[in-house]
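Remarks on the overall topology
Each chain is listed here by its residues.
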Amino acid sequence: MRCLRLRQGPAVAGLVLLAAALLAGCGAPQYTYVKNSADHMYVKIPASWHSIDQKDLDNAVGLDPAESASSRGLWLQGYDAADTPSALHLFGSSAAEPAVLVSVQQVPQASRGGLSLDGLRDFFFPVSPTARQNNQNPQLTGFGLMADDVLTPGDGVRGVHTVYRYSLGGGPPQMMDQTGYLNDDASKVYLLLVRCSTTCYKDRHGEIENVVSSFTIREKP
Amino acid sequence: MTAPVAHPPEGLSAPDEPPHAPPPPTRPKMPLWNRIRLLLLFAVAWLILVWAAMADNPLLPFVDSVRIQLHDSQWLIWLAGLELLRQIHYLIEERSARYHRFWSQKVSGGMDRAVRKRMSDWTRFRIARMVKIALVIVLFAVIAGRVLDTSPVLAIFQAPALLYRALPLILQLAFAFFFIAFQFIGLFWLLSRGGVDTYYPDDIKTRFTDVWGQDHVVDRIRENIMYLEKPDEIEAKGGYVPGGILLWGPPGTGKTLMAEAVAGETGRPYVFVDPGAFINMFFGVGVLKVKSLFRKLRKLALRYGGVIVFFDEADSLGNRGSLAQVGPGGPTGRGMTPFDTSCHGAAYLAEDTRWMLAKNAMGDAFVAGAGMNGMGGGGGMGTLQALLTELSGLKKPRGLVNRWGRRALGMRPKPPPKYRILVMMATNMPEALDEALLRPGRIDRIYRVGYPSKAGRIRTYEGYFDKVPHEITPEQLDKLATITPYATGATIKDLVNEALITAIRDGRDAITWPDVVKAKQLKELGPPEDVEYIERERHAVAVHEACHAIVAFRTRQHMEIDLATIEKGSDYLGMVASIPPEDQFTRWRSEFESDILVSLASLAGERMFFDGDSSSGVSGDLESATQVASFMEGFWGMGSTVSSYSTAQRLQVGSPGGGAARREGEKPEAMLRRALADRIEDKLGDLLVRAEALLAENRAQVLALAHALEIHRTLTGDDVEAVIEGREGETVDGSAYRDPEFAARLEDYHTAAVGAHRGHSRMPIALPPGRSTVDGPAEGTAAATA
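Residues numbered from 1 in each chain as written. Chains lettered and ligands numbered in written order. Predicted model: local features only at pLDDT ≥ 70, side-chain atom pairs only at ≥ 80, totals over all residues.

It is worth spelling out the overall build of chain A at this point. Across its full length, chain A holds nine helices and ten strands. For chain A, with 221 residues in total, the buried portion stands at 31%. When contacts within chain A are restricted to residue pairs at least 6 apart in sequence, those whose partners lie at least 24 apart make up 56%. (Helix = DSSP H or I, 4+ residues; strand = E, 2+ residues; numbered from the N terminus. Buried ≥ 20, exposed ≤ 12 C-beta atoms within 10 Å, placed from the backbone. Contact = placed C-beta atoms within 7 Å.)

The structure is reproduced here in structure tokens:
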């Protein structure tokens, strides 16, 4: 036996190494790595958050189900930290747990010139002063701006990160952590929206911060 | 124990197989690499997937990528597990004989037998090949699909696009490769040019009428050309056009001229291949040259309906030296004179006798065909072989489209058109040619371009003399042709030119007969060395040569004396040269005997005229005489016995002469002499007596001729005869020698010379003056009276 072990040493060592590698990988990954390879957009979301059903999401946004994702020029995915993920947590009046919407939208040639950082700020809710002044929607009340940072990650990509508060339809105040990017030739708009109630936002700020900071755009592969 | 089972016989192993060994009880141990290579392959493939996922997502750390791939690519893990199981199975087979027996004989052995029963080896090979290819494609598709983030099937369709993207790099590499390769291609292309000249009809003005004295060969070549021009005549009847001619023969006999005449006469292009064309610095260039030459020939043959290619000095192609071979007709070696130079060469002997002696002197004349083994020579590696292949490869289908394209479409390649190529080669060393070159199909006809016949020589002399001013009569021309038996076109032209130079030097416009004679002597003997003998030695040499000449004149009917001289040349003291008046191809006993008599005349004469004294100058004569006598006795049945001595010795039966068997390492001729010594000596003794008697009868003529030689130094055959017969000759008046008083003076002079010879003293009396028909007092007079 001893002799055998000596001769088979390298093979056994190799097998042990392989087994070790397999064991090391035994745990489940900590994050869900969301990506859009074609448009080079990446974000990581805690593995415990669940993906929102795509149809549900499309309906909530009001997309035509007959159209494919590529023909309508909009790619979007939603994630929800609640046990039963729902698009309502994204677009409803209240979200007790964090909900995430991530999207890439192709901008038609004609409207590329009109896109500005304010346009990115006001993509979901009126955030810029002008937009708020023009706001006709009585459902949106209790605005408060927590942060507004302009982002220039390079390669001509520019964006803005805003954190603001709104009460939607008289519900409890909701924190919106919104990051928008516009690529060099203004052909694509990348958006990440994380929302939850103000208490939730305070409690799970670390998680949310982790998601927001992982949002990455690459202009070049 | 049961009764021994009848095993099937072990069987013989094929020659290229090692001997059968009984199968081992367990599975042979596998090297480590074989154990782990598939596992490694899977591991590497899996790692590639891990890497690809990481490369596709900058947020993805290694550990999470590993975890994700463990889930997403578990098929690889399963495959690896299967492989691991297989390896464990093998490991057990290596340890346990029973387990191994079960698997190898029951399971896989049974499957193997079943498969073999259903499928042939070829089918199994094809299936195995297809399965391997399919596996590679599947693996590629799966991995590419993961890398490109599409399905494996789509990934296969993306492969061309990937290739297209990689194309610039591939092109760059290809360019770099060709950049390097083109340097060599260009170099070899440049080197393989040249050495081949093409002449089109009417480029060359030489015609068959310019070839003189070789009518029989010319007729044959005419026939070949006719077949080339009108191939239908012979092909309609099922024959084929002979495609190759070899002209061989001594130098200067008009082989190249004939080829030129072919070029001039035919209406086809004519390709001349330089003898040096196939000698190259690099291996392979010769092969390229041969190939490009034949490509050109085929093109010309198709375009003009035929082509003639001429390889001059074909021996430069070399041979492979495979066989000790001899050319058609045996080794040629005329003109070789490896003789003793003590007296006068052997110029007085018949040409054939001389040739036989030459062969003997060269080495072992008894081994037939011990010619020069023409190893090496020219071409270099592969050139000759390429030529051989091209010569016999003209009938195979050619061309990429023809051979591959048509076959791919299920059609049979078209046979090539009939390339009508006439290959002509010329050489004067046929034994240096490769045997394979000479086989029918490559060289169909072999013509010897020999020395021209007398008629041919006359025609040639006429041809050349007609081109310059001359006063030569037809009779003189006839005589000239007679006394130059081995003249070739080249030597005849040279002789005419030399005669013209002689005439011009003497301030004359036209060539006369004496110019021709002078030119001939100059050409045959070379310029005299202008050495002055002391008088008694001059007399001795003159007597020596006179003896040869007298005996030749009296006994030899098959030869005429061409000239006699006592002028010292580069390799002789004096000489009597004879020539055959007619072309004759057999030799007779009487002729050999007279040859021996002529050889022995010098010894007999010296003994007789110098009171029994004799010089060493006769050694060469005796050598020749002994050799001829030996062959007569032992080989030709011209002695007292009939049996062939060489055969008798080879078969160890002894010989009529009572000779013993040949000793170890003994040369045949030595053995011959030992065994036959007595008879040969007897024969030579008899002939010596006859020569002595002949000389005693002709004493006065010997002294007369010696005197004429001393005065004129060189005499033509006609002058020699004039002196002997006492008549007027061309340059010497022999009538004076009929005068008894003059004969007595010659006797006195001879006696004085013998006295001086004995006492090594000066001659007390001067040489009596002679008479010349051409130029007043002879030159010898002044010297003698001084």
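The number of helices and strands found in chain B is 26 helices and nine strands. When burial is assessed residue by residue, chain B has 35% of its 786 residues classed as buried. For chain B, the share of sequence-separated contacts (at least 6 apart) that also reach a separation of at least 24 residues comes to 72%.

Residue and element names in this part refer to chain A. Strand order across the open sheet formed by three strands is β1-β2-β10, with antiparallel pairing between neighbours. On the outer flanks of this sheet lie β1 (31-36) and β10 (216-217), each paired with one strand and no other. With two bridges connecting them, strand β2 (residues 41-46) and β10 associate as antiparallel partners. Within the sheet, the bridge partner assigned to Met41 lies in β10 and is Ile217. Here helix α9 (residues 205-214) sits on the sheet and contacts β2 and β10; the angle it forms with β2, its principal contact strand, is near 165°. (Pairing = 2+ DSSP bridges. Axes fitted to C-alpha atoms, helices over the stretch in contact; angles between N-to-C directions.)

With that settled, the discussion passes to the interface of chain A and chain B. Facing 19 residues of chain A, the contacting portion of chain B comprises 15 residues. Of all the elements in the fold, those that place two or more residues in the side of chain A that touches chain B are α2 (9-24), β1 and β2 of chain A. At five residues, α2 of chain A tops the list of elements feeding residues into the side of chain A that touches chain B. Looking at the side of chain A that touches chain B residue by residue, the class counts come to nine nonpolar, seven polar and three charged. (Nonpolar A, V, L, I, M, F, W, Y, C, P; charged D, E, K, R; others polar.)

Glancing now at the packing of helix α14 (residues 454-465) of chain B against helix α16 (residues 489-505) of chain B. Residue and element names in this part refer to chain B. Closest axis-to-axis distance for the α14/α16 pair is 10 Å, and the angle between their directions is 40°. Compared by their axis directions, α14 and α16 come out oblique. Seen along the crossing, α14 lies across α16 with a hand that is right-handed. Contact residues: Arg457, Thr460, Tyr461, Tyr464 and Phe465 in α14; Gly489, Ile492, Lys493 and Val496 in α16. Partitioning the contact of α14 with α16 into residue classes produces five nonpolar, two polar and two charged. (Parallel < 35°, antiparallel > 145°, perpendicular 65-115°, else oblique. Left-handed = near helix turned anticlockwise from the far one by under 90°.)

Further remarks concern the sheet that holds strand β2 (residues 244-248) of chain B. Residue and element names in this part refer to chain B. The strand order across the open sheet formed by six strands is β1-β3-β4-β5-β2-β6, and the pairing between neighbours is mixed. The open sheet has two edge strands, β1 (196-199) and β6 (445-448), and neither has a second partner. Strand after strand, the sheet turns through a mean of 20° between neighbouring axes, direction not considered. Relative to strand β3 (residues 270-273), β1 runs antiparallel, the two sharing four bridges. Bridging across to β3, Val196 finds its partner in Val273. Packed on one face of the sheet, helix α7 (residues 215-229) meets β2, β5 (421-427) and β6 and runs near 155° to β6. Strands in contact with helix α9 (residues 255-265) are β1, β2, β3, β4 (307-311) and β5; relative to β5, the strand with the most contacts, it is inclined by about 160°.

So, about helix α20 (residues 619-634) of chain B. Relative to the 22 Å expected for 16 residues at 1.5 Å per residue, α20 of chain B spans 22 Å between its end C-alpha atoms, a close match to the ideal helical length. Of all 16 residues making up α20 of chain B, 13 are buried, and the element is well covered by its neighbours. (Expected span 1.5 Å × (residues − 1).)

The next subject is the confidence of the model for chain B. If pLDDT is low for a region, its predicted coordinates should not be looked at in detail. Residue and element names in this part refer to chain B. For chain B, mean pLDDT is 80; residues scoring 70 or higher make up 85% of the total. Model confidence for chain B, summarised as mean pLDDT per element, is weakest for helix α26 (residues 779-785) at 35 and strongest for helix α3 (residues 74-95) at 91. Across residues 361-378, confidence stays below pLDDT 50; counting only partners more than four residues off in sequence or on other chains, it has 38 contacts. Scoring of the predicted complex yields 0.51 for pTM and 0.81 for ipTM. (pLDDT = per-residue confidence, 0-100.)

Negative phi values dominate among residues other than glycine, just as trans dominates among peptide bonds. Residue and element names in this part refer to chain B. Of note in this structure, Glu313 is not a glycine but carries a positive phi near 50°. Even without glycine at this site, His760 takes up a positive phi of about 50°. Along the chain, His760 turns up in the loop between α25 (740-759) and α26.

This next bit is on the pairing of strand β8 (residues 173-182) of chain A. Residues and elements named next belong to chain A. Taking burial as the measure, the ten residues of β8 include eight buried ones, the bulk of the element. Looking at chain direction, strand β7 (residues 157-168) and β8 are connected through ten bridges and run antiparallel. The residue bridging Ser167 from the neighbouring strand is Pro173, located in β8. Connecting the antiparallel pair β7 and β8 is a turn made up of four residues, with Gly169 showing a positive phi of about 60°. Pairing analysis gives nine bridges linking β8 to strand β9 (residues 188-197), with the strands arranged antiparallel. Note that in β9 the partner of Met175 across the bridge is Cys196. Linking β8 back to β9 in an antiparallel pair, the connection comprises five residues, with Ala186 at a positive phi of about 60°.

All names here are of chain B. Inspection of the secondary structure puts Ile566 in the loop between β7 (560-565) and β8 (575-579). Spatially, the C-alpha atom of Ile566 lies 5.3 Å from that of Arg713, the residues being 147 residues apart in sequence. Contacts of Ile566, omitting those with residues within four sequence positions, involve Arg538, Val541, Ala542, Glu545, Gly574, Leu709 and Arg713.

Next up on the list: the pairing of strand β4 (residues 74-80) of chain A. Residue and element names in this part refer to chain A. Alignment of strand β3 (residues 50-51) against β4, held across two bridges, turns out to be antiparallel. Pairing of His50 across the sheet is with Asp80, part of β4. Bridge count between β4 and strand β5 (residues 99-106): seven bridges; the pairing is antiparallel. Looking at the pairing, Leu76 lines up with Ser103 of β5.

Counting 62 residues, the largest nonpolar core has Ala546, Ala549, Ile550, Leu600 and Leu705 of chain B as the members making the most contacts within it. At eleven residues, helix α18 (residues 535-555) of chain B tops the list of elements feeding residues into this core. Excluding residues within four positions of it along the chain, Leu705 of chain B makes contact with Ala546, Ala549, Ile550, Val720, Val723 and Ile724 of chain B. Ala95 and Met175 of chain A together with Trp46 and Leu49 of chain B belong to the second-largest nonpolar core, a separate cluster that totals 56 residues. (Core = buried A, V, L, I, M, F, W, Y, C linked by C-beta atoms within 7 Å.)

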